[in-house]
Amino acid sequence: MTPLLRVEGPACPLGMANVDTDQLIPARFMKTPREQGYGRFLLHDLRFDDRGDPVAGFPLNLPGAQASRILVARRNFGGGSSREAAVYALVDFGIRCVIAPSFGDIFVANAGNNGLLPARVDETDCEDLLERLAGTPREMCVNLETRTITLENLTYTFGIDPGLRHKLMNGWDDIDLTARYGDEIAAFVRRDRRLRPWAEPGAPTEGKR
Amino acid sequence: MACITSNTKFCLSVNPAAVDGMSPRTLFDKVWHSHEIVHGEEGGSLLWVDRHFVHEGSFHAFDRLAQRESPVARPDLTFAVADHYVPTRNRSDGIADPEIRSVVDRLYRNTRRHGIRLFGLEDPRQGIVHVLGPEQGLTLPGLLTVCGDSHTSTHGAFGGVAFGIGASEVAHVLATQTLWQRKPRRMRMTITGSLAPGSTAKDIALTWISRLGADGARGYAIEYAGDTVTSLSMEGRMTLCNLSIEGGARCGMVAPDAVTFDYLRGRPWAPSGDAFDRACQAWRALATDAEAEFDREVTLDAGDIVPTVTWGTSPEDALPVDGRLPDPTRARDSATAEHIADALSYMGLRPGQRITDITIDRVFIGSCTNARIEDLEAAASILRGRRSRVPGMVSPGSTLVKRQAEARGLDVVFRSAGLDWVDSGCSMCVAMNGDLLPPGERCASTTNRNFKGRQGPGGRTHLMSPVMVAAAAVTGHLSDVRPLLPDRETA
């Protein structure tokens, strides 16, 4: 993954709480091979009407919003289903950072594995940002090194898990990291077989049914 | 979460299993620590995974594995289930939709290539992964179980740590049988007293989520405790743990006890004979120590829990069935007002409307939340000898549950009521397999999510227990099940 140090570009206000992953990408699109791109599915059923026309006034349909790099939303962004396709939709659309007061746990892990920065801000800062962005996307800068958000002459700080921050800043891949722990894993398995002999499934028995 | 800050590895500490018994610990602590291979300095731990369930939707993860040309580290600990995309009718005709067929085919190909056991469409044990795992004895106390599905929290009902993961994490587990995780905080939810007739585990869950919020337990591992919980069957405990994620929790768990052991004894993959008895001894020791501390304590009185339904577009939008819909003009803040107004508009409802005045178009009984044999029995107890006023379908949690229900004549009850009795799968809970709620229709559903479009674009979902869905079916509107209960029978 490409290291991520800062995200600069238009920030789009999405003044909604509980934007669950079913909204970020409706289930029916997840059969699509990733190579075809998931950006067009982002928030599909909120962004487009039954005929497939853009819903007037929806934030991502505002002039200039197509180029958004940052989304600002209310609490519990990305809750619900574990579908990583929700992150694919954001990333393929061009979003590299979501700012919100809180995120679903699984969403945060998925974001970290796809170079998307989940930046946690206070409720009051979030409301302030939404107010300042109201009506139109504006240029913003999110700096992961300093954990700051800059909008015009204003600066806000954000929170992020330190491990996730390092991972994003270095563009690490977990499988490569874990490969270095082969000895520890092997030692664990030897010890564990003694400590928890019931943990590995044997051959199935006839069973009750 | 990765803990490394350079190209070398450091920040190791010894597996804390070696220091067992030093200080009082919770059930969660004990299970977590017994799986910790590496403890990172930034709080991330490398954990061993005992059971990894995959399904059709896991194809993104298999693709990642293929890109790296990586083998599956432990196919013997990996179990595949066809549930999300499978049709629930006319299976012998194959899958008509080419896109859906291709996703199911990929699971067959990927599992064959890597030597992973698959419970496929033709398997008599096929079912929803979170029903099948426990049913087969693959789910046990003290295990760490993951799956690329958020309702993996269900398996915690047996006293293990179980949680949903994303596709990249699925690929990581396939490649290494381990996972980086930051340890969640610990919450104990103590529920005491007797549940009144008509109130169920579903109502407990909807009640706490409505009080704490859909992110009220975010960052926590919940241990459900108290006499209300220990009195629940395994089915009830699974419903409770299943819905942990709807309150934002990382996982939910219940300490293993005699109810757990009775359920597991004789299951195909559970230990057998003396090994089972020895395992039970070890499992008993997992219970939270008397002096152990939690980061947060929440208490609920079962006597306050009444039949509950959701009215909006988040599981936190839940109210007792005798309530009235909220009014955005009386909300505590503008964000809440916006949410209420938006949810009412999507759901086609009015502020102040009586919940029991909401008429429905359809019912659905199914999903990993409420499609086990006890759930079907409960719904049938209300439908027996009655007709549903609306169309609907019943999709059992597994093919074994289906056979069990048929042996008890429940299929006849559902069919006589006018409902469709179909095959097992995620069905209309995920709307990705052909079963879906038509736009604008309103469904009383035993599922777990009332998100916009969850059961189909434009569909309107009201979540409730199986008996409450049955009550809605026979009256044609959201209804209090209590007057319809058979004599004094607790559903």
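Source: prediction; values computed, not measured. (Residues numbered from 1 in each chain as written. Chains lettered and ligands numbered in written order. Predicted model: local features only at pLDDT ≥ 70, side-chain atom pairs only at ≥ 80, totals over all residues. Heavy atoms only, no water.)

We now examine the packing of aromatic side chains. Each aromatic ring pair is described using two quantities: the centre-to-centre distance and the angle formed by the ring planes. Counted under the stated rule, the structure contains 17 aromatic pairs over all chains. Plain terms: the ring middles of Phe-77 of chain A and Phe-107 of chain A are 5.4 Å apart, the flat faces sit at 75° to each other, and that makes the pair edge-to-face. Remark: Phe-107 of chain A occurs in helix α4 (residues 105-112) and Phe-77 of chain A occurs in the loop between β2 (70-73) and α3 (85-93); sequence separation between them is 30 residues. As far as burial versus exposure is concerned, Phe-77 of chain A and Phe-107 of chain A are alike and both buried. Ring centres of Phe-79 of chain B and Trp-269 of chain B lie 6.0 Å apart, and the angle between their planes is 75°; on these two criteria the pair is classed as edge-to-face. With Phe-79 of chain B in strand β4 (residues 78-81) and Trp-269 of chain B in the loop between α9 (258-264) and α10 (273-284), this pair connects stretches of sequence that are 190 residues apart. Overall, the relative accessible area of 5% leaves Trp-269 of chain B in the buried class. Pairwise contacts between aromatic rings join Phe-29, Tyr-38, Phe-41 and Tyr-88 of chain A into one cluster. The lysine or arginine in question, Arg-34 of chain A, covers the ring of Tyr-88 of chain A, its NZ or CZ lying 4.0 Å from the ring centre. Looking at Arg-267 of chain B, its charged tip hangs above the ring of Tyr-263 of chain B, at a distance of 3.9 Å from the centre. (Phe/Tyr/Trp six-rings, centres within 6.5 Å; stacked < 30°, edge-to-face > 60°. Helix = DSSP H or I, 4+ residues; strand = E, 2+ residues; numbered from the N terminus. Buried < 20%, exposed > 50% of the residue type's maximum accessible area, 1.4 Å probe, protein only. Lys NZ or Arg CZ within 6 Å of the ring centre and 35° of its normal.)

Residues and elements named next belong to chain B. Overall, parallel pairing links the four strands, which are arranged β11-β10-β9-β12 in an open sheet. A strand with exactly one partner marks an edge of an open sheet, and here the two such strands are β11 (251-253) and β12 (296-301). Across the sheet, the mean angle from the axis of one strand to that of its neighbour is 20°, orientation sign disregarded. Relative to β11, strand β10 (residues 220-225) runs parallel, the two sharing three bridges. Its bridge partner being in β11, Glu-223 is matched across the sheet by Met-253. Docked against the sheet, helix α6 (residues 201-212) engages β9 (185-192), β10 and β12, running at close to 125° with respect to β12. (Pairing = 2+ DSSP bridges. Axes fitted to C-alpha atoms, helices over the stretch in contact; angles between N-to-C directions. Contact = heavy atoms within 4.5 Å.)

Residues and elements named next belong to chain B. What the domain assignment reports for chain B is domain 1 (51-302) and domain 2 (310-484). Using only C-alpha atoms to locate each centre, domain 1 and domain 2 end up separated by 23 Å. The partner domain 2 presents 44 residues to the 41 residues of domain 1 that form the contact. Three residues, Thr-88, Ile-128 and Lys-202, lead the burial of domain 1 against domain 2; their summed loss comes to 19% of the area buried on that side. (Domains from an automatic or database assignment. Buried area = accessible area lost by both parts, 1.4 Å probe.)

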